[in-house]
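Breakdown of the fold
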Amino acid sequence: MGILKTFALGGVHPKENKLSANAAIEVLDPPKQAFIPLGQNLGAPSKPVVARGEEVKTGQLLAEASGFISTPIHSPVSGKVFKIDNILNASGYKQLGIIINVEGDEWMEDIDRSEDIVTNIDYSSEEIIDKIKKAGLVGMGGATFPTYVKLMPPPGTKAEYLIINGVECEPYLTSDHRMMLEKGREIVVGTQLLMKALKVDKAIIGIENNKPDAISHLTELVKNAEGISVQALKVQYPQGGEKQLIKATVNREVPSGKLPISVGCVVQNVGTAFAVYEAVQKNKPLFERVVTVTGKDVKKPSNFLVRIGTPVQQLIDAAEGLPESTAKIINGGPMMGKAISSTEVPIVKGSSGILIMKEEEAHRKTESACIRCSKCTYVCPMGLEPFLLSRVSRVGKFDIAEKEMIMDCIECGSCQYTCPANIPLLDYLRLGKNKTGAIIRSRGKTA
Amino acid sequence: MYKFTISGSPHVKSDESTKKIMYGVVFAMIPAMLVSIYFFGFQAIRVLVLASIACIFFEWIIQKYLIKGPSTINDGSALVTGILLAFNVPSNLPSWMIIVGALVAIGMAKMSFGGLGRNIFNPALVARVFLLISFPVQMTSWPKPTGFSKGLTDVITGPTPLGIVKEGLGAGKTMSELRTETPSYVQYLVGQTGGSIGEVSAIALLLGGFYMLWKKIITWHIPVSMLGTVIIFTAILWGANPEHYADPAFHLLTGGMLLGAIFMATDMVSSPMTHGGQLVYGFGIGVLTILIRVWGAYPEGVSFAILIMNAVVPLINQGFKPKRFGIKPGIEIKS
Ligand code: SF4
Ligand code: SF4
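Residues numbered from 1 in each chain as written. Chains lettered and ligands numbered in written order. Predicted model: local features only at pLDDT ≥ 70, side-chain atom pairs only at ≥ 80, totals over all residues. Heavy atoms only, no water.

1. Looking at the site of ligand 2
Taken together, 13 residues are adjacent to ligand 2, and C370, C373, S374, C376 and C419 of chain A come closest. Chains contributing residues near ligand 2 are chains A and B. In terms of residue class, the shell around ligand 2 is made up of 11 nonpolar, 1 polar and 1 charged. (Near = heavy atom within 4 Å. Nonpolar A, V, L, I, M, F, W, Y, C, P; charged D, E, K, R; others polar.)

Listed below in structure tokens is the structure:
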């Protein structure tokens, strides 16, 4: 295979712990009650179009988009709208959501529920984008950016490459891996649809070398798909970051402060490619997804196909229950996921995994003095100086933070993962980014 | 209802730790310690043990009674300073001077700046220079490497090779004459020469250096740029007049050159944060060392050179930033 490609700067190698890699995707029953937060995308929350007491079918529109960067939400279940009220979301905040009491599982008639794989593409670029928009698709890797927005390059830019992210560089998570193995053909069709939508003739599926089965499977499948290639990548966190993946696959560097489209690239996750296939070819809006449930003490590490709005507890039960040792539960992977306070929070469009950590893993180690070892700088994929940025953020010198490019931090956590002094660098970086971002925005307003 | 821990990501941590790094450095110094004990006998053991215990003790007592903060003596950094201090003094240095040195290293150069990570200067070097200026006679009477064959009191002292050359050239002798008065290169490699206890054996120091490179405790940038600069600089002088200037190999193998390049200049606390800065820093140390050795008042210049460059590190850190991602103009897309 020769030397494997990867991105240029920094990077770390956390233990992979892909415990659920061999667990085939299992379909989970719809919950008894579904909790559907209205803000499931990056951007403006959706506006409800159903009222209390209304009967809804699986796949029916529940809430519509409320702005350019916003997406509609569809019912993941059939039943009766119980109420529209504040519900606890994964970030620990109360958020407006729709609660549905589930009755049966009656789908909208226009959804094609057959197993056949539809490979013919009968739609124009605009029709594909429109279907993706109406189906409420967001980035499934966790960023939850509305998918259709990325498919409409701003004036003056032109897409050249579609890059499909099959890296799954977060330790523990395996949902993308399983999707590639079990839904490979659909992902390839989804990729072709995205290529057509973007009017590009080249697509690269980037997969890290720790998933050789997925690499060989997809390589086989894309043989007859013109323009699509599979690129094996060296294992290196955070290769799943958009900028890192573009660097690794096409060796282009997205300029600081710019979007991938400025170097002619659009990145979509494999899960998103699958959802595109379903939305366009099967008329199925985004209301279910694959979620990994894992952890060292979890009895049955699994990958489940679950409806949006299913409480996390139900997934944990399906993985044979919450281990005695549980001390921390993470929504997402261990490097970038969020700790959740309750197992009652629902699965949303951006949930890729539930990681259950035991007592010994749950706590941070005691912080000591920075020994100026520079290791944080060496591992930063953005070429920043985390020790410096965290120090200036701590004392409120946001002008220096801005000059030292704090806004380029992708919050990957590599610096904090590495720091021998156990300094919570990313806590301070987040704080610094928030404040610096606010200062930059207010300056924009007054100028 | 379970109670779950909430904290920000990342939720996993590498097994890197300050302690691991510090004890890694201690481990890397073992070959040089063994060689010093082999050549300087009980005296070397006395210096090593005393300097280490004194450094740890001063750190403990200052933290307990002056700073009134938590103790950090377990992190290994005081032990590293202690051993480095021992490495930088002659084996017959009186015990009380070693204790004074430890107090200067820990109290003055480290704790008064705020402890580990905040000091600008390498503590062991500050102590060495302090001792050299305060007790020039004791700090420059070098016992000959006689191992355990001599007792504790009865030592034969003599000048170091650098001292012999400096004095000899000053007195109008030529290098070819002086080479007969100094040990052979093979003796430098193993450590059979006069000098501070930790600096004598090139092989032992290099072993430690490779270990630290392998364990990623140091990177190659500082030692390579410092030693490379020394080689080039001295090669030019030597090429111009081989009878008046020592050759590069002599400069590399004598005095504190390797000890400085491998263990002192690479001290993470007092060296620059980026590779670019580290190259400049190493270059500066190399140039200053040779300037002092060849034209300065002292035969040895490594300690002074490192301390001077320590002072410049904040400036170097300002000037040398890591290669940022996305700062080169990207590829232009024609639409
Ligand atoms: S979290 Fe930010 S500063 Fe830290 S390594 Fe990642 S990009 Fe760099
Ligand atoms: S990794 Fe930690 S100890 Fe090392 S320089 Fe960065 S912040 Fe300081």
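2. Details of the nonpolar core
With 97 residues, the main nonpolar core has M29, L85, F87, F263 and Y281 of chain B as its most contacted residues. Among the elements that make up this core, the one with the highest residue count is helix α1 (residues 18–40) of chain B (11 residues). Lining this core are residues from two domains, each supplying at least three of them: domain 1 (18–138) and domain 2 (159–319) of chain B. Those residues in contact with L85 of chain B that lie beyond four places of it in its chain are A51, C55, I98, G101, A102, A124, A127, R128 and L131 of chain B. Among the nonpolar cores identified, the runner-up in size contains 49 residues, and A197, V200, A203 and V290 of chain A belong to it. (Core = buried A, V, L, I, M, F, W, Y, C linked by side-chain atoms within 4.5 Å. Buried < 20%, exposed > 50% of the residue type's maximum accessible area, 1.4 Å probe, protein only. Helix = DSSP H or I, 4+ residues; strand = E, 2+ residues; numbered from the N terminus. Domains from an automatic or database assignment. Contact = heavy atoms within 4.5 Å.)

3. Let's talk about the site of ligand 1
Residues in contact with ligand 1 amount to 13 residues; listed here are only the nearest, C380, C409, C412, G413 and C415 of chain A. Grouping the constituent residues of the shell around ligand 1 by class yields 10 nonpolar, 2 polar and 1 charged.

4. Points about the pattern of salt bridges
Note on pairing: side chains with opposite charge can pair once their charged atoms come close. All names here are of chain A. Evaluated as defined, the whole model comprises 35 salt bridges over all chains. The closest approach of N and O atoms between K284 and E288, which form a salt bridge, is 2.5 Å. Using a relative accessible area of 12% as the deciding quantity, one classes E288 as buried. The partner of E360 in a salt bridge is K358, with the nearest N and O atoms 4.0 Å apart. Bridged by salt links that share partners, the residues D105, E278, K284, E288 and R307 form one connected network. (Salt bridge = Lys/Arg side-chain N within 4 Å of Asp/Glu carboxyl O.)

5. Details of the side chain of E300 of chain B
Residue and element names in this part refer to chain B. Relative to the elements of secondary structure, E300 occurs in the loop between α14 (275–295) and α15 (302–319). Owing to a relative accessible area of 13%, E300 belongs among the buried residues under this scheme. A polar atom in the side chain of E300 sits 2.5 Å from the backbone nitrogen of G256. Within polar-contact distance, the side chain of E300 engages the backbone nitrogen of V302 at 3.4 Å. Excluding residues that lie within four positions of it along the chain, E300 makes contacts with R128, L162, G255, G256, M257, I292 and R293. (Polar contact = N/O pair within 3.5 Å; in protein donor to acceptor, adjacent residues only side chain to side chain.)

6. Some points on the sheet that holds strand β3 (residues 47–48) of chain A
Residues and elements named next belong to chain A. Strand order in the open sheet formed by 3 strands is β3-β5-β6, with antiparallel pairing between adjacent strands. With partners counted over all chains shown, the strands left at the sheet margins are β3 and β6 (73–74), one partner each. As defined by bridge partners, β3 adjoins strand β5 (residues 61–64) across 2 bridges and the pair is classed as antiparallel. When the bridges of β5 are listed, P48 appears paired with A63. (Pairing = 2+ DSSP bridges.)

7. Observations concerning the environment of I83 of chain B
All names here are of chain B. Of note, I83 is situated in helix α3 (residues 77–87). On a C-alpha basis, the gap between I83 and S271 in space is 19 Å, while along the polypeptide they are 188 residues apart. Excluding residues within four positions of it along the chain, I83 makes contact with V26, M29, M33, L48 and S52.

8. Things to note about the packing of aromatic side chains
Residues and elements named next belong to chain B. Within the structure shown, the criterion is met by 10 aromatic pairs over all chains. An angle of 40° between the planes, with centres 6.1 Å apart, marks the rings of F57 and W60 as tilted. Residue F57 and its partner W60 are both found in helix α2 (residues 42–67); the two are separated by 3 residues, about one turn of the helix. In this structure W60 comes out as partly exposed when scored by relative accessible area, which is 33%. Between Y298 and F304, the ring centres sit 5.1 Å apart and the planes meet at 40°, which makes this aromatic pair tilted. The class for F304 is buried, based on a relative accessible area of 18%. (Phe/Tyr/Trp six-rings, centres within 6.5 Å; stacked < 30°, edge-to-face > 60°.)

9. Structural notes on the sheet that holds strand β12 (residues 265–269) of chain A
Residues and elements named next belong to chain A. Spatial strand order, β11-β10-β9-β12: 4 strands in an open sheet with parallel pairing. Looking at strand neighbours, the two that pair on one side only are β11 (228–233) and β12, the edges of this open sheet. Neighbour-to-neighbour, the strand axes of this sheet turn through a mean angle of 25°, independent of strand direction. Pairing analysis gives 6 bridges linking strand β9 (residues 161–166) to strand β10 (residues 202–208), with the strands arranged parallel. Bridge pairing in β10 places I164 opposite I205. Helix α6 (residues 242–250) contacts β9, β10, β11 and β12 of the sheet and is inclined by roughly 115° relative to β9. (Axes fitted to C-alpha atoms, helices over the stretch in contact; angles between N-to-C directions.)

10. Comments concerning helix α1 (residues 125–134) of chain A
Residue and element names in this part refer to chain A. Among the residues making up α1, those that are buried are S125, I128, I129, K131 and I132. For α1, the arc enclosing every buried residue in end-on projection is 160°, short of the 170-degree limit, so these residues lie on one face. Residues E126 and K134 are exposed on α1 and point more than 90 degrees away from its buried face. The secondary structure elements touched by the buried residues of α1 are α2 (147–150), α4 (184–198) and α7 (270–281). Positive backbone phi, approximately 75°, marks G136, located one or two places after α1. (Arc of directions from axis to C-beta.)

11. Looking at empty space enclosed by the protein
To find leftover empty space, one rolls a probe the size of a water molecule over the atoms. Tallied over the entire structure, the rule returns 8 cavities of 30 Å³ or more. If you add up the space inside the largest cavity, you get close to 280 Å³. Surrounding the largest cavity, 21 residues form its lining, M22, V80, L84, D267 and M268 of chain B being those nearest its centre. When contributions to the lining of the largest cavity are tallied by element, the ones reaching two or more residues are α1, α3 and α5 (123–134) of chain B. Taken together, the residues of the lining of the largest cavity break down into 14 nonpolar, 5 polar and 2 charged. Here the lining of the largest cavity spans two domains, since at least three of its residues come from each of domain 1 (18–138) and domain 2 (159–319) of chain B. Taken together, 17 residues make up the lining of the second largest cavity; nearest its centre are M140, M179, F274, E288 and R289 of chain A. Broken down by secondary-structure element, the contributors of at least two residues to the lining of the second largest cavity are α3 (175–182), α7 and β13 (288–294) of chain A. (1 Å grid on protein atoms, 1.4 Å probe; cavity = no way out; pocket = protein on both sides within 12 Å on 5 of 7 lines; lining within 4 Å. Points joined across faces, edges and corners; volume = space filled by probe spheres on them.)

12. A look at the packing of α14 of chain B against α15 of chain B
All names here are of chain B. One way to put it is that α14 packs onto α15 with a least axis distance of 8 Å and a crossing angle of 145°. In the crossing of α14 with α15, the sense of the turn from one axis to the other is right-handed. Between α14 and α15, the contacting residues are G277, V280, Y281, G284, I285, L288, T289, I292 and R293 on the first element and V302, F304, A305, I306, I308, M309, N310, V313 and I316 on the second. Across the contact of α14 with α15, the residue classes tally to 13 nonpolar, 4 polar and 1 charged. (Left-handed = near helix turned anticlockwise from the far one by under 90°.)

13. Regarding the domain arrangement of chain B
All names here are of chain B. Examined at the domain level, chain B breaks down into domain 1 (18–138) and domain 2 (159–319). With centres defined by C-alpha atoms, the gap from domain 1 to domain 2 works out at 21 Å. Counting residues at the interface gives 36 residues for domain 1, matched by 33 residues for domain 2. Carbon and sulfur atoms make up 77% of the surface buried where domain 1 meets domain 2, a total of about 2700 Å² over both sides. Taken together, the links from domain 1 to domain 2 amount to 0 salt bridges. Counting only elements with at least two residues in the side of domain 1 that touches domain 2, the list comes to α1, α2, α3 and α5. Here the side of domain 1 that touches domain 2 gets 12 residues from one element, more than from any other, and that element is α1. Considering only residue class, the side of domain 1 that touches domain 2 consists of 27 nonpolar, 7 polar and 2 charged. (Buried area = accessible area lost by both parts, 1.4 Å probe.)

14. Points about the packing of α3 of chain A against helix α5 (residues 212–221) of chain A
All names here are of chain A. Where α3 contacts α5, the two axes come as close as 9 Å, and the packing angle between them is 35°. Judged by the twist between their axes, the crossing of α3 over α5 is left-handed. For the pair formed by α3 and α5, the contact residues are H177, M180 and L181 on the first element and D213, A214, H217 and L218 on the second. The class makeup of the residues in the contact of α3 with α5 is 4 nonpolar, 2 polar and 1 charged.

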